[in-house]
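Remarks on the overall topology
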Amino acid sequence: MGQFEYAKRLKQLPPYLFAELDRLKEEKIKQGVDVIDLGVGDPDLPTPKDIIEAGQKACEDPANHRYPSYKGLSAFRQAVAEWYKERFDVDLDPETEVITLIGSKEGIAHFPLAFVDSCDIVICPDPAYPVYKIGTIFAGGIPYTVPLKEENNFLIDLDAIPEQIAKRAKIIWVNYPNNPTSATATREFYEKLIDWAKTYNVIVASDLAYSEIYYDENDKPLSILQIPGAKDVAIEFHSLSKTYNMTGWRIGMAVGNAELVQGLGKVKTNVDSGQFNAVQIAGITALKNSEKFRRQIIPIYEERRRVMTEALEKIGLKPFKSNATFYLWVKVPEGYTSAEFTKLLLDKAGIVVTPGSGFGEAGEGYFRISLTVPTERLLEAAERIKNLVL
Ligand SMILES: *Cc1c(COP(=O)(O)O)cnc(C)c1O
């Protein structure tokens, strides 16, 4: 312990489970092993040129050098509304139902500050993106985790949530297409969720970061706002990070119920001063050409998925069958924990994957492969996996 003690909210955070893996990876690199990192969910491909050029041009305009508007550039919010209409046939009022985010992580982390009081319950899936739980803890709320099980196609089992928890819950988080499991939601699931949320007066917070990473034109991922009545209880977080290879730009949006969007806006007005206009202008170009850019990246991920799935099957491993995300969610072989198998892949093949247990207790027994390395590297990783003897 140093001179200055951390606040309880920091001490309360779950332990960083990847620390040991990071240490082992560094060790391997030092030993001269050519490590292939399939751990991080950060696209390797560059941002499309048209988007960069729009951002560059906007950088040069002095009008953009001043403080941006808190709720976001009007033209960006308009482009978001138009994109939602085009892609999901969802109507949004850009004035009251759309807000610009500095990446969706920012919005997800701040949202509970607007609606969660000390000791309110927030229902979080497990395994999951850690920010739902962390945002809850920072707001003084209590995360209640619900396991995502393969037998339910990794959908939340709403019937398994005890009534007294549902009554005390303020928010329920859902994320489909899902990180880390790659599962997608059905219309029936969302309908049931909206019904449940209305019964118990719970806010539905949907994280739609992967809606455009899909591989079946006849089975496009849904927005929860496509469900009639969803706008009474739901806010949706979206991001330009994954679809347009823009993770470094930090641009996303929250849309849906006006009261929920405004509440988040109130928090943001007091902690940040909005995203650089030039980044939002680049974002407009992304949204206006969404389908064109999507069609450029999907065949690349599609090939990587095929190559890696074949390699895994060769050693008797089968990824969960899904039509979305750039992740493969794979059961570890009999006799290993997630951590043990992850360590074996690093030791025997120089490959880093993410142990499922790093995403929560219910992720134990699985590992996640991220298809975000150049295809040649992925082919090399596939070769090494094929040669593994388990
Ligand atoms: C990558 C990711 C995000 C988006 O992150 P940004 O902050 O928008 O870059 C949100 N949710 C999940 C589940 C993710 O994997």
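Only a predicted model underlies this, so the values are computations on that prediction, with no experimental measurement involved. (Residues numbered from 1 in each chain as written. Predicted model: local features only at pLDDT ≥ 70, side-chain atom pairs only at ≥ 80, totals over all residues. Heavy atoms only, no water.)

Quick look at the overall build of the protein now. Of the regular secondary structure elements, the protein holds 13 helices and 12 strands. Its C-alpha radius of gyration of 21 Å places the protein within 12% of the 21 Å reference for a compact globule of 390 residues. The proportion of buried residues among the 390 residues of the protein is 55%. Surface accessibility of the protein: about 17,700 Å² in total, with carbon and sulfur atoms responsible for 51%. (Helix = DSSP H or I, 4+ residues; strand = E, 2+ residues; numbered from the N terminus. Rg over C-alpha atoms; globule rule 2.2 N^0.38 Å. Buried < 20%, exposed > 50% of the residue type's maximum accessible area, 1.4 Å probe, protein only. Areas by Shrake-Rupley, 256 points an atom, 1.4 Å probe, with all protein chains shown as cover.)

Lining the immediate surroundings of the ligand are 14 residues, of which D207, Y210, S241, K242 and R250 lie closest. Between Y210 and the ligand, the recorded distance is 2.6 Å, taken from a side-chain N or O atom to an oxygen atom. Classifying every residue of the shell around the ligand gives four nonpolar, six polar and four charged. (Near = heavy atom within 4 Å. Polar contact = N/O pair within 3.5 Å; in protein donor to acceptor, adjacent residues only side chain to side chain. Nonpolar A, V, L, I, M, F, W, Y, C, P; charged D, E, K, R; others polar.)

Where helix 5 (residues 104-115) meets helix 6 (residues 131-138), the axes come as close as 7 Å, and the angle between the chain directions of the two elements is 35°. At the point where helix 5 passes helix 6, the crossing takes the right-handed sense. For the pair helix 5 and helix 6, the contacting residues are K105, I108, A109, P112 and L113 in the first and V131, Y132, G135, T136 and F138 in the second. A class-by-class count of the residues in the contact of helix 5 with helix 6 yields seven nonpolar, two polar and one charged. (Axes fitted to C-alpha atoms, helices over the stretch in contact; angles between N-to-C directions. Left-handed = near helix turned anticlockwise from the far one by under 90°. Contact = heavy atoms within 4.5 Å.)

Accessible area lost during the coming together of the parts is what is often quoted as the interface size. Split into domains, the protein comes out as domain 1 (8-46 + 292-389) and domain 2 (49-290). Taken over C-alpha atoms, the centre of domain 1 sits 26 Å from the centre of domain 2. Between domain 1 and domain 2, the residue contacts involve 35 residues of the former and 39 residues of the latter. For the pairing of domain 1 and domain 2, the buried interface totals around 3,300 Å² over both sides, and the portion due to carbon and sulfur atoms is 59%. When the area that domain 1 buries against domain 2 is broken down by residue, the three leading residues are F293, R294 and F320, summing to 22%. If you look at where domain 1 meets domain 2, you find three salt bridges. D50 is the partner of K292 in a salt bridge, and the nearest nitrogen-oxygen pair spans 3.1 Å. Within the residue set of the side of domain 1 that touches domain 2, elements represented by two or more residues are helix 1 (8-11), helix 11 (290-314), strand 9 (327-331) and strand 12 (366-370). Top contributing element to the side of domain 1 that touches domain 2 by residue count: helix 11, with nine residues. In terms of residue class, the side of domain 1 that touches domain 2 is made up of 18 nonpolar, seven polar and 10 charged. (Domains from an automatic or database assignment. Buried area = accessible area lost by both parts, 1.4 Å probe. Salt bridge = Lys/Arg side-chain N within 4 Å of Asp/Glu carboxyl O.)

Right, let's get into unusual backbone geometry. Of the consecutive residues D126 and P127, the connecting peptide bond is found in the cis state with omega at 5°. Tracing the backbone shows P127 in the loop between strand 3 (121-126) and helix 6. The omega angle of the peptide bond from Y176 to P177 is -5°, so this bond is cis rather than trans. Examined against the element boundaries, P177 turns out to sit in the loop between strand 5 (169-174) and helix 8 (187-200). Backbone geometry at F154 places phi at a positive 60°, although glycine is not the residue there. Here F154 falls in the buried class, since its relative accessible area comes to 1%. Although it is not a glycine, N201 sits at a positive phi angle of roughly 55°. Tracing the backbone through its elements, the reader meets N201 in the loop between helix 8 and strand 6 (203-207).

A complete count under the given rule lists 29 salt bridges for this structure. Notably, a salt bridge pairs R23 with E27, separated by 3.1 Å at the nearest N-O pair. Residue R23 and its partner E27 are both found in helix 2 (residues 19-30); the two are separated by four residues, about one turn of the helix. Among the salt bridges present, the one from R384 reaches D34, with a minimum N-O distance of 3.1 Å. Here R384, found in helix 13 (residues 375-386), pairs with D34, found in the loop between helix 2 and strand 1 (36-37); they are 350 residues apart in sequence, far enough to count as distant. Look at R384 and you get buried, because its relative accessible area is 17%. In this structure, a network of salt bridges that share partners links the residues D34, R377, E380 and R384.

Throughout the structure, instances matching the rule amount to 23 aromatic pairs. With a centroid separation of 5.5 Å and 85° between ring planes, the pair formed by W83 and Y84 is classed as edge-to-face. Here W83 matches Y84 in class, with each residue buried. Geometrically, the ring pair formed by F111 and F237 is edge-to-face, given 5.6 Å between the ring centres and 70° between the ring planes. Placement of F111 in helix 5 and of F237 in strand 7 (residues 234-239) is noted, with a sequence separation of 126 residues between them. A residue is classified by how much of its surface remains accessible, and F111, at 0% relative accessible area, is buried. Through successive ring pairs, a cluster of aromatic residues spans F111, F115, Y129, Y132, W173 and F237. Above the face of the Y214 ring, R294 is positioned so that its terminal group lies 3.7 Å from the ring centre. Seen from the ring of Y215, R305 lies directly overhead, with NZ or CZ sitting 3.9 Å from the centre. (Phe/Tyr/Trp six-rings, centres within 6.5 Å; stacked < 30°, edge-to-face > 60°. Lys NZ or Arg CZ within 6 Å of the ring centre and 35° of its normal.)

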